[in-house]
Amino acid sequence: MELDFETCRKAAISRDSRFDGVFVTAIKSTKIYCRPSCPAITPKAENVRFLPTAAAAQREGYRACLRCRPDAAPGSPDWDVRGDVVGRAMRLIADGVVDRDGVPGLAGRLGYTERHLHRMLTAEVGAGPLALARAQRAQTARVLIETTGLGLAEIAFAAGFGSVRQFNDTIREIYGRTPSQLRARRGRPAPAPGQSARSPIEPDLTLQDEGVISVRLPFRAPLHAESLLSFLRDRAVDGIDAVDDEGYHRNLRLPHGPGRATLVPRAGHVAATLHLADVRDLAPAVARCRRLFDLDADPVAVDTVLGADPALAPVVLKEEGVRVPRATDGFEIAVRAVVGQQISVAAARTVLRRLIAADAGLFPTAEELLALPDEAFSMPESRRRTLRTLAAAVATGELDLDGGGDRAETVERLRALPGIGDWTAQYTAMRALGDPDAFLPTDLGVLRGARAAGLPDTPKTLAAHAERWRPWRSYAAIRLWRMQ
């Protein structure tokens with residue numbers, strides 16, 4: 001991916017944290033790479049290079065700055081928004097697919113050969129899937145070293161390394177320290193306010209109970225936390241998730257066992273407490289929590305487009321940084337969408353409570369839903385058939401609702417299922433697939449919000465007006481829901 005030197009240089013000189021995760025600054029003289037917002041003295045222009053990812057810098061022999069922790073900067077909004085194969089690959093790698101299934105598994109999910117996938121990723125982000133996964137392993141290992149009492153050999157395998165030697169060599173190469181030296185740093189005080197942004201999984205630097213890890217999830221400011229929490233509170237299902245004065249609590253189905261996350265929005269970051277049955281699930285848990293709260297978004301870019309519409313400008317100015325509440329489980333969102341067809345949010349919660357096994361604490365998988373008896377479905381027979389058809393499509397791999405599938409193709413496949421129309425498909429695209437430009441012009445709440453804002457309030461006229469909000473119509477829908 002081509003990076004404009006002067007634009008990157010200006011961002012680095014101004015220490016603009018909005019560019020953290022968009023590129024890294026590689027310093028030729030010291031062979032260290034930093035975030036754009038690093039508080040260190042800005043090097044001379046002839047001594048720097050700008051690279052698209054931490055993995056690209058590591059591939060070229062640069063070590064991570066231990067002051068600004070660029071290896072763990074917020075995810076690039078480009079990969080978060082893009083629905084092409086590179087964006088899908090980046091999301092799957094963040095979820096740990098390479099560590100679990102290898103590059104063949106990643107390529108299979110995306111429908112490309114390993115060689116072609118490597119070529120595309122290297123051209124776009126400066127590193128192939130193995131290098132990107134290696135960078136993530138090192139980041140996960142660093143967090144475990146600094147926040148847990150696990151032995152270093154245990155951490156090596158928990159982070160996904162194939163051997164202790166590989167773990168030691170990688171940590172030394174990327175951080176310029178041995179694992180033991182990194183552990184000795186964990187009691188150091190955090191940077192003073194304003195000096196540098198904390199990393200996406202920067203520890204609180206205190207040891208936790210076994211299986212409990214506290215991490216910080218930063219975001220690009222601003223973030224309107226109340227809109228996130230109120231949306232999730234209204235749709236919380238007993239036994240699965242809840243919102244209270246302490247924050248948002250969510251049970252997680254992770255690759256190696258169940259987990260639970262508590263997310264509390266704070267100034268500059270979301271404090272996350274993760275209860276993990278297996279510490280190998282740290283990276284997937286972090287990726288899913290970030291996805292749920294839409295923390296890799298660029299709110300300034302979104303609000304600039306929506307705020308240009310006179311009808312939305314007042315609410316954009318009043319509530320800056322509204323995000324789209326997404327998902328930790330794409331299948332769950334699709335089920336919620338089907339259950340919510342033509343009934344209220346409160347009624348949908350009641351049906352979902354009856355559908356799940358509350359004592360299990362986890363939303364059923366597609367296979368588990370298929371095995372449920374008919375009496376577990378408190379809904380009309382036609383909707384029950386739709387849910388079973390949806391579950392069968394997910395179970396067989398026809399539908400990928402967790403980031404690996406092509407968005408447009410997945411929406412078309414959803415629409416082709418009996419009982420699923422455009423509203424259900426677009427709602428699933430918005431929350432499960434992370435499509436920033438999904439829109440629901442027939443939704444009653446959206447139409448009421450449009451009427452309150454003085455916008456056209458029929459599906460056809462509102463859809464035509466919403467063309468000016470591209471590519472951020474999902475965010476417009478959230479704002480209209482809040483205005484109804």
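As the structure is a computational prediction, the values presented were derived from the model and not from experiment. (Residues numbered from 1 in each chain as written. Predicted model: local features only at pLDDT ≥ 70, side-chain atom pairs only at ≥ 80, totals over all residues. Heavy atoms only, no water.)

Peer 1: Just checking my understanding: could you explain the overall build of the chain for this structure?
Peer 2: The helix and strand tally for the chain stands at 23 helices and ten strands. On C-alpha atoms alone, the chain measures out to a radius of gyration of 22 Å, which is about the 23 Å that the 2.2 N^0.38 rule sets for 484 residues. A buried classification covers 57% of the 484 residues belonging to the chain. Across the chain, contacts joining residues at least 24 apart in sequence account for 67% of those joining residues at least 6 apart. Accessible surface, the chain: about 19,700 Å² in total, of which carbon and sulfur atoms supply 52%. (Helix = DSSP H or I, 4+ residues; strand = E, 2+ residues; numbered from the N terminus. Rg over C-alpha atoms; globule rule 2.2 N^0.38 Å. Buried < 20%, exposed > 50% of the residue type's maximum accessible area, 1.4 Å probe, protein only. Contact = heavy atoms within 4.5 Å. Areas by Shrake-Rupley, 256 points an atom, 1.4 Å probe, with all protein chains shown as cover.)

Peer 1: Even after reading the chapter, I still don't get the pairing of strand β8 (residues 247-254), so can you show me in this structure?
Peer 2: Two faces make up the sheet, and in a regular strand the side chains alternate between them. In terms of burial, β8 is largely enclosed, as seven of its eight residues are buried. Pairing of strand β7 (residues 241-244) with β8, which is carried by four bridges, proceeds in the antiparallel orientation. Counterpart to Ala242 in the pairing with β8 is His249. Here β7 folds back onto β8, and the loop between the two strands holds two residues. With antiparallel pairing between neighbouring strands as the criterion, β8 and strand β9 (residues 257-266) make up a hairpin whose turn holds two residues. (Pairing = 2+ DSSP bridges.)

Peer 1: In this structure, what is going on with empty space enclosed by the protein? I would like to understand it.
Peer 2: A water-sized probe, rolled over the atoms, reveals where empty space remains. Enumeration according to the criterion identifies three cavities of 30 Å³ or more in this entry. Here the second largest cavity is characterised by a volume of approximately 110 Å³. When contributions to the lining of the second largest cavity are tallied by element, the ones reaching two or more residues are α11 (225-234), β8 and α15 (330-339). For the lining of the second largest cavity, the element with the most residues is α15, which contributes three residues. Residue classes in the lining of the second largest cavity are distributed as seven nonpolar, one polar and eight charged. (1 Å grid on protein atoms, 1.4 Å probe; cavity = no way out; pocket = protein on both sides within 12 Å on 5 of 7 lines; lining within 4 Å. Points joined across faces, edges and corners; volume = space filled by probe spheres on them. Nonpolar A, V, L, I, M, F, W, Y, C, P; charged D, E, K, R; others polar.)

Peer 1: I would appreciate a short explanation of the sheet that holds strand β3 (residues 48-51) in the present structure.
Peer 2: The strands making up a sheet associate through hydrogen bonds between their backbones, and the pairing can be parallel or antiparallel. Ordered by their spatial adjacency, four strands build an open sheet running β3-β1-β2-β4, and the pairing between neighbours is mixed. Edge positions in the sheet fall to β3 and β4 (63-64), since each of these pairs with one other strand and no more. Where strand β1 (residues 24-27) meets strand β2 (residues 32-34), three bridges bridge the pair, whose relative direction is antiparallel. By the bridge assignment, Thr25 is partnered in β2 with Cys34. Sheet strands in contact with helix α1 (residues 5-13) are β1 and β3, and its direction is about 105° off that of β3. (Axes fitted to C-alpha atoms, helices over the stretch in contact; angles between N-to-C directions.)

Peer 1: When you look at the state of the cysteines in this model, what are you seeing that I'm missing?
Peer 2: A covalent bond between the sulfur atoms of two cysteines is referred to as a disulfide. For the coordinates displayed, the defined rule picks out zero disulfides. No disulfide involves Cys8; its sulfur sits 14 Å from the nearest other cysteine sulfur, which is in Cys34. The buried category is assigned to Cys8, whose relative accessible area is 5%. Distance from the sulfur of Cys34, which forms no disulfide, to the nearest cysteine sulfur (Cys38) is 3.9 Å. When its relative accessible area of 7% is taken as the criterion, Cys34 is described as buried. (Disulfide = S-S within 2.5 Å.)

Peer 1: I would appreciate a short explanation of the pairing of strand β10 (residues 269-276) in the present structure.
Peer 2: When you tally the buried positions in β10, you get six out of eight residues, the bulk of the element. Alignment of strand β6 (residues 212-218) against β10, held across seven bridges, turns out to be antiparallel. Bridge pairing links Val215 to Ala272 in β10. The pairing of β9 with β10 spans eight bridges and is classified as antiparallel. In the sheet register, Thr262 faces β10, and the bridge partner there is Thr273. Taken together, β9 and the strand that follows it, β10, pair antiparallel across an intervening segment of two residues, in which Gly268 is found at a positive phi of about 85°.

Peer 1: Looking at this structure, I do not really get the packing of helix α21 (residues 444-452) against helix α23 (residues 473-483). What am I missing?
Peer 2: When two helices pack together, their arrangement is given by the angle between the helix axes and the distance between those axes. One way to put it is that α21 packs onto α23 with a least axis distance of 7 Å and a crossing angle of 75°. Classed by the angle they form, the pair α21 and α23 counts as roughly perpendicular. Along the contact surface, α21 presents Gly445, Val446, Gly449, Ala450 and Ala452, while α23 presents Ala477, Leu480, Trp481 and Met483. Taken together, the residues of the contact of α21 with α23 break down into seven nonpolar, two polar and no charged. (Parallel < 35°, antiparallel > 145°, perpendicular 65-115°, else oblique.)

Peer 1: Whenever I open this one, helix α13 (residues 299-307) confuses me. Can you help?
Peer 2: Because each turn of an α-helix spans 3.6 residues, side chains separated by three or four positions in sequence point in the same direction. Listing the buried residues of α13 in full gives Pro299, Val302, Asp303 and Leu306. Burial along α13 is one-sided: seen end-on, the buried residues are contained in an arc of 90°. At its buried positions, α13 is contacted by α14 (313-318) and α23. (Arc of directions from axis to C-beta.)

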